[in-house]
Amino acid sequence: MSEADDRAHTLRLELVDEPGELLSALSPIAENGGNLLSIFHERGSLTPRGHIPVEVDLECSPERFEHIVDALRDAGVTIIQADSERYGEAVSVLLVGDLVDTDLSDTLAELEECGSATVADFSLTTEKGTEGVSSARVRLAIESGSTERALEQVRDVAAQKDFSVVEPLVGEL
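Along every chain, residues carry numbers that run from 1 in the direction the sequence is written. With the structure being a predicted model, the display of local features is reserved for residues of pLDDT at least 70 and the display and counting of side-chain atom pairs for 80 or more, all residues being used for whole-chain, interface and lining totals. Excluded from the side-chain calculations are hydrogens and water; all other atoms, namely the structure's heavy atoms, are used.

**Student:** Explain helix 1 (residues 21-31) here, please?
**Tutor:** Because an α-helix completes one turn every 3.6 residues, residues spaced three or four positions apart along the sequence face the same direction. For the exposure calls, accessible area comes from a 1.4 Å probe over protein chains only, and a residue counts as buried if that area is under 20% of its type's maximum, exposed if over 50%, partly exposed in between. Each helix is a run of H or I in the DSSP string that is no shorter than four residues. Each strand is a run of E no shorter than two, and both are numbered from the N terminus. Those residues of helix 1 not exposed but buried are A25, L26, P28 and I29. Down the axis of helix 1, the buried set is contained in an arc of 150 degrees. They therefore lie on one face. In helix 1, the exposed residues that point more than 90 degrees away from the buried face are L23, A30 and E31. Working rule for contacts: check all heavy atoms of both residues, and any pair within 4.5 Å makes them a contact. Contacts made by the buried residues of helix 1 are with strand 1 (7-15), strand 2 (35-41), strand 3 (52-60) and helix 2 (62-74). At the exit of helix 1 stands G33, carrying a positive phi of roughly 85 degrees. Relevant arc is that of directions from the helix axis to the C-beta atoms, nothing else.

**Student:** Could you clarify how one ought to interpret the sheet that holds strand 4 (residues 78-82) in this entry?
**Tutor:** Across a sheet, paired strands are connected by hydrogen bonds in the backbone, their directions being either parallel or antiparallel. Strand order in the open sheet formed by 4 strands is 2-3-1-4, with antiparallel pairing between adjacent strands. If you trace the sheet from one side to the other, it starts and ends with strand 2 and strand 4, each paired once. With strand direction ignored, the average angle separating the axes of adjacent strands in the sheet is 25 degrees. Here, any two strands with at least 2 DSSP bridges between them count as paired. Between N-to-C directions, angles span 0 to 180 degrees; the directions come from axes that are lines fitted to C-alpha atoms, helices contributing only their stretch in contact.

**Student:** I'm lost on the sheet that holds strand 5 (residues 89-97) in this one. Help?
**Tutor:** A sheet is described by the order of its strands in space; here 4 strands give the open sequence 6-7-5-8, paired in antiparallel fashion. If you trace the sheet from one side to the other, it starts and ends with strand 6 (117-126) and strand 8 (164-166), each paired once. Each adjacent strand pair in this sheet contributes to an overall mean axis angle of 25 degrees, direction not counted. Against the sheet, helix 3 (residues 104-111) engages strand 5, strand 6 and strand 7 (134-142), with an angle of about 150 degrees to strand 6. Set on the sheet, helix 4 (residues 147-161) makes contact with strand 5, strand 6, strand 7 and strand 8; between it and strand 5 the angle comes to about 10 degrees.

**Student:** Hey, could you run me through the nonpolar core in this one?
**Tutor:** Side chains that are nonpolar tend, in soluble globular proteins, to be buried together. The nonpolar core is taken to be a set of buried Ala, Val, Leu, Ile, Met, Phe, Trp, Tyr and Cys residues, with the residues joined through side-chain atoms within 4.5 Å. Within the largest apolar cluster, 21 residues are counted, with the highest numbers of intra-cluster contacts made by L95, L111, F122, V138 and L140. Mapped by element, the contributors of at least two residues to this core are strand 5, helix 3, strand 6, strand 7 and helix 4. When residues in this core are grouped by element, the largest group, 5 residues, is from helix 4. Among all residues touching L111, those that are not within four sequence positions of it are L95, V138, Q153, V154 and V157. Among the nonpolar cores identified, the runner-up in size contains 18 residues, and L13, A25, C60 and I68 belong to it.

**Student:** Mind showing me how you'd approach the environment of E14 here?
**Tutor:** Summarising the element assignment, E14 is placed in strand 1. By relative accessible area, which is 5% here, E14 ends up buried. C-alpha of E14 to C-alpha of T78: the two residues are 64 residues apart in sequence and 5.3 Å apart in space. Among all residues touching E14, those that are not within four sequence positions of it are T47, R49, H51, I52, T78 and I80.

**Student:** Honestly, the pattern of salt bridges in this entry has me stumped. Any pointers?
**Tutor:** Pairing is possible between side chains of opposite charge, provided their charged atoms come close. Take a side-chain nitrogen of Lys or Arg and a carboxyl oxygen of Asp or Glu: if they are within 4 Å of each other, that pair is a salt bridge. Applying the stated rule across the entire model yields 5 salt bridges. Across the salt bridge formed by R155 and E152, the nearest N and O atoms sit 2.9 Å from each other. With R155 and E152 both in helix 4 and 3 residues apart, the pair spans about one turn of that helix. In this structure R155 comes out as partly exposed when scored by relative accessible area, which is 26%. The class for E152 is partly exposed, based on a relative accessible area of 38%. Between E167 and R155 there is a salt bridge; the shortest N-O distance is 2.7 Å. Of the two residues, E167 sits in the segment after strand 8 while R155 sits in helix 4, which places them 12 residues apart along the sequence.

Shown next as structure tokens:
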């Protein structure tokens, strides 16, 4: 592939607010031939897990872009979106149970373990503090065609942690 095959790509990353995290996320891009066009570091915003969203625009061939995405994942960087086509579907589920005491951060990470979904939005409701039953609305951004796989992951996590799940109706009626 030549430079003529290069095109612009957008990565949306989720970084911990610690010194050196942005540099660590940019290194795999440079090491795999990505040409940085812009970086938008949203320090005033937080993702559902309390991390900082960072949007990176870069230029490279589509083949190189796939290597960059793989290298970022191998480096432990959380990718929320890789080009607009990455997550073409979205679904919201309601989880009910002892969400806080069963390690909420772990639950959110486990929901993404299927590899085809990411937590795009999260809203927690509790009656009295953090003890006992609470509910959470979780919006998942899902790769096109992978909704059932993502919902299966939600069901598995809910069964493991003794949560009830309210799922959307998907598919044909």
